[in-house]
Amino acid sequence: MPKFYITTPIYYVNDKPHIGHAYTTIAADVIARWHRLRGDDVFFLTGTDEHGEKIMKAATAAGKSPQEFVDGLAVVYKDAWKKLNISYDYFVRTSDPNHERLVKLFVDKLYKSGDLYKGIYEGWYCVSDETFFTQLQLRDGKCPECGKEVKLIKEEDYFFKLSKYQQRLLDFYKENPDFLSPKFRADEIKNRVKAGLKDLSITRSAVKWGVEFPPDKSYTIYVWVDALLNYVTALDWPDGKRFGEFWPADVHVMAKEINWFHSVIWPALLFCAGMEPPKKIFAHGWWTVDGKKMSKSVGNVVDPIDMSRKYSTDAFRYFLLREMPFGDDGDFSEKALVTRLNTELASDLGNLFNRVFTLAEKFDGKIEGRVELEMQLDIEGITKSMDNIELFNALAKIFEYVAAANKYVNDTRPWALKDEQLGNALYNLLEACRVLSIVLYPFMPETSEKVAKQLGTKVGTLEECKFRKFSAKVSKGELLFKKVDAG
RNA sequence: AGCGGGGUAGGGUAGCCUGGAGUGCCCGCCGGGCUCAUAACCCGGAGAUCGUUGGUCCAAAUCCAGCCCCCGCUACCA
């Protein structure tokens, strides 16, 4: 059985999840469910990133210890993923003692490799935002966030010789053309690496809430190194059974702003440790909301839990993956969501099931006949799209089949048929519905299960996406998607 | 400034890499069909100088160059 290891980033727990977190996680869930449907042995990892100065400050402000504080937020994330039907296999936390232990082990290994050295780190620090900026990030020499004065901080840190890995990375990208995706992101990364790599300071002296740096205990390990390592500590690197079974990761899914860390720094760290890099990095785009950049100050942050409660988890999941090609940027609006829910989910898909099941329930003859509605389903195309992580294209193909099935109803006019002819039409339509329940499963698992139940069966595997003898007993249930008023 | 992406009917997109009738899809609009179904479904129609100028070519949305707009990213923010 082929294995498939997929991850989301671990999310920084300074706030509850917003639509961006939900998007990454839902997309990864869809891919994970797809591979389970294929029969792969899937390991789907998500989790939370819990170290850093900001967390400590937030905890203090809340009158809690950092650990109490992050414990509370980890639960918020787990609850959210439950509501969004995320089928993760393991939830990793960077404050977990096992993670911390393995991070130290890994960094110690880096240290012994000789690729760490002591140097001077310089950065522009904004006191009010408690954040470092690079020279280029500054706006008119002032803080790009708040516009206040920044001061140059110099500190002695341990550096990782990232520059040493420039050529190795470029060679790796060349030998593995599918490593960086989508394609248009690959050139961005390659060009930046070609332009030259600077070494990376991987310790902090000011940050107390973090993993201790073993060779020099006055430092903590830079949170990004801590965070990236979750992908292997969750597998119990180096000796765990899961590590042997699942590493290297098949795909790391994330938003584009952290592509650099995954495409450049992460493989370099792994090279240094003598380990295999992941097979694929997939960086998706960002959502604007009603045409504007989402931000707390504008007050347009979309809460995925609200959306799923209001329109159903499946409708929300569907919308996110249907509205924009996976990889691009796109715009979220409730109006657009309602339109897709009312037209594609209620009128096209839901109504198809409803009209077919209504006809089938009234019929007491034999449901059998010639296969007439199978080849309209482009299962090869869907498979190819899903395997290439073109989720948008896969959905488009699935809905072409929905349209073909609706057309078949209109063309065959089953309400005017009886006996064998009606049995034939119903056979084709019910098999089409059954097959649809399978291919829709990764995207809308609840709906898929409801359809299977109404068909008197269970959601099948990808292999069962072929027409066969229909033997189940149909019992119509409630409407799968009801229309809602816009606004 | 550097790097990258984009400008296709009222809106949104695909097509561009590997030139070949403006070809497709979704929403909206107009007309027809059907009556199993959630006023659902099916068919047809109107609507585009494919940002702009020039070039290559028998042929350009597609390739090349210039220009005009729009938008990202520029690494130690977690």
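Note that the structure is a prediction, hence the values are computed from the model and not measured.

(A) A look at the packing of helix α5 (residues 166-175) against helix α10 (residues 259-272). At a closest axis distance of 10 Å, the pairing of α5 and α10 adopts a crossing angle of 105 degrees. One finds that α5 runs roughly perpendicular with respect to α10. Residues R168, L169, F172 and Y173 of α5 form the contact with α10, whose own contacting residues are S263, V264, P267, A268 and F271. Each residue belonging to the contact of α5 with α10 can be placed in one class, and the counts come to seven nonpolar, one polar and one charged.

(B) Focus on the packing of aromatic side chains. Inspection of every chain in the model, using the stated rule, returns 28 aromatic pairs. Relative to W266, the ring of Y231 lies with its centre 6.0 Å away and its plane at 55 degrees, an arrangement referred to as tilted. With Y231 in helix α8 (residues 230-233) and W266 in helix α10, the pair connects residues that are 35 residues apart, well separated along the chain. Of the two residues, Y231 and W266, both sit in the buried class. Taken together, a centroid distance of 5.5 Å and an interplanar angle of 90 degrees make the contact between F319 and F332 edge-to-face. Here the residue F319 occupies a position in helix α12 (residues 313-323), and F332 occupies one in strand β15 (residues 330-332), the gap between them amounting to 13 residues. Taken individually, F319 and F332 each receive the classification buried, so the pair is uniform in this respect.

(C) Quick look at the nonpolar core. The biggest cluster of nonpolar side chains holds 104 residues, and the ones touching the most others in it are F316, F332, L430 and F443. By size, the runner-up hydrophobic cluster in this structure holds 61 residues, among which are V211, A234, W266 and I281.

(D) Fine view of the sheet that holds strand β14 (residues 292-293). Ordered in space as β14-β13-β15, the three strands form an open sheet in which the pairing is mixed. Of all the strands in the sheet, the pair left with one neighbour each is β14 and β15. Direction of pairing for strand β13 (residues 287-289) relative to β14: antiparallel, over a ladder of two bridges. Bridged to T288 within β14 is K293. On top of the sheet, α12 reaches β13 and β15; it is set at about 150 degrees to β15, its chief contact.

(E) A look at helix α14 (residues 379-387). All of the buried residues in α14 are G381, I382, T383, S385 and M386. The secondary structure elements touched by the buried residues of α14 are α1 (19-38) and α15 (391-412). Downstream of α14 by a residue or two, I389 has a phi angle that is positive, lying close to 60 degrees.

(F) View of α10. Over its 14 residues, α10 extends 20 Å from the first C-alpha to the last, a length consistent with the 20 Å expected when each residue adds 1.5 Å. Helix geometry: α10 is bent most strongly at I265, by close to 30 degrees, with proline P267 lying one to four residues after it. Where burial is concerned, most of α10 is hidden: 14 out of the 14 residues are buried. Just downstream of α10 lies G274, where phi reads positive at about 75 degrees.

(G) Spatial organisation of empty space enclosed by the protein. Throughout the structure, instances matching the rule amount to one cavity of 30 Å³ or more. Reported here for the largest cavity is a volume of approximately 50 Å³. Lining the largest cavity we find G350, F353, N354, F357, Q454, K476, G477, E478, L479 and L480. Among the elements that make up the lining of the largest cavity, the one with the highest residue count is helix α13 (residues 334-362) (four residues). Tallied by class, the residues present in the lining of the largest cavity amount to four nonpolar, four polar and two charged.

(H) Here's a closer look at the domain arrangement of chain A. Looking at the assigned domains, one finds that chain A contains domain 1 (3-284) and domain 2 (333-464). Computed from C-alpha atoms alone, the centre-to-centre distance between domain 1 and domain 2 is 41 Å. Counting residues at the interface gives 12 residues for domain 1, matched by 15 residues for domain 2. Of the roughly 1400 Å² buried between domain 1 and domain 2 on both sides combined, carbon and sulfur atoms contribute 72%. Taken together, the connections running from domain 1 to domain 2 amount to one salt bridge. The residue D387 makes a salt bridge to R38 at a minimum N-O spacing of 2.4 Å. Of all the elements, α1 adds the most residues to the side of domain 1 that touches domain 2, at eight residues. For the side of domain 1 that touches domain 2, the per-class residue count stands at seven nonpolar, two polar and three charged.

(I) Geometry of the pairing of strand β1 (residues 3-12). When you tally the buried positions in β1, you get nine out of 10 residues, the bulk of the element. Across eight bridges, the pairing between β1 and strand β2 (residues 41-49) is parallel. Pairing of Y11 across the sheet is with T48, part of β2. In this region the chain leaves β1, passes through α1 and returns to the parallel neighbour β2; the handedness of that crossover is right-handed. In terms of strand pairing, β1 meets strand β11 (residues 251-255) through two bridges, oriented parallel. Note that in β11 the partner of T7 across the bridge is H252.

(J) Structural view of the layout of surface pockets. Here the second largest pocket defines a volume of roughly 510 Å³. What lines the second largest pocket is a set of 26 residues, and nearest its centre among them are S181, K280, D387, N388 and I389. Those elements that provide at least two residues to the lining of the second largest pocket are β1, α1, β7 (180-181), α14 and α15. Per-class residue counts for the lining of the second largest pocket are 13 nonpolar, four polar and nine charged. The residues that make up the lining of the second largest pocket include at least three from each of domain 1 (3-284) and domain 2 (333-464).

(K) Expanded view of the pattern of salt bridges. All chains considered together, the criterion is met by 22 salt bridges. Close ionic contact of E245 with K241 constitutes a salt bridge, the shortest N to O distance being 3.9 Å. Of the two residues, E245 and K241 both sit in helix α9 (residues 241-246), four residues apart, roughly one turn of that helix. Through salt bridges with shared partners, a single network forms among K3, D250 and K279.

About the cut-offs
Residues numbered from 1 in each chain as written. Chains lettered and ligands numbered in written order. Predicted model: local features only at pLDDT ≥ 70, side-chain atom pairs only at ≥ 80, totals over all residues. Heavy atoms only, no water. Axes fitted to C-alpha atoms, helices over the stretch in contact; angles between N-to-C directions. Helix = DSSP H or I, 4+ residues; strand = E, 2+ residues; numbered from the N terminus. Parallel < 35°, antiparallel > 145°, perpendicular 65-115°, else oblique. Contact = heavy atoms within 4.5 Å. Nonpolar A, V, L, I, M, F, W, Y, C, P; charged D, E, K, R; others polar. Phe/Tyr/Trp six-rings, centres within 6.5 Å; stacked < 30°, edge-to-face > 60°. Buried < 20%, exposed > 50% of the residue type's maximum accessible area, 1.4 Å probe, protein only. Core = buried A, V, L, I, M, F, W, Y, C linked by side-chain atoms within 4.5 Å. Pairing = 2+ DSSP bridges. Expected span 1.5 Å × (residues − 1). Bend = angle between axes of the 7 residues up to and from the residue. 1 Å grid on protein atoms, 1.4 Å probe; cavity = no way out; pocket = protein on both sides within 12 Å on 5 of 7 lines; lining within 4 Å. Points joined across faces, edges and corners; volume = space filled by probe spheres on them. Domains from an automatic or database assignment. Buried area = accessible area lost by both parts, 1.4 Å probe. Salt bridge = Lys/Arg side-chain N within 4 Å of Asp/Glu carboxyl O. Right-handed = clockwise from strand over helix to strand, strands pointing away.

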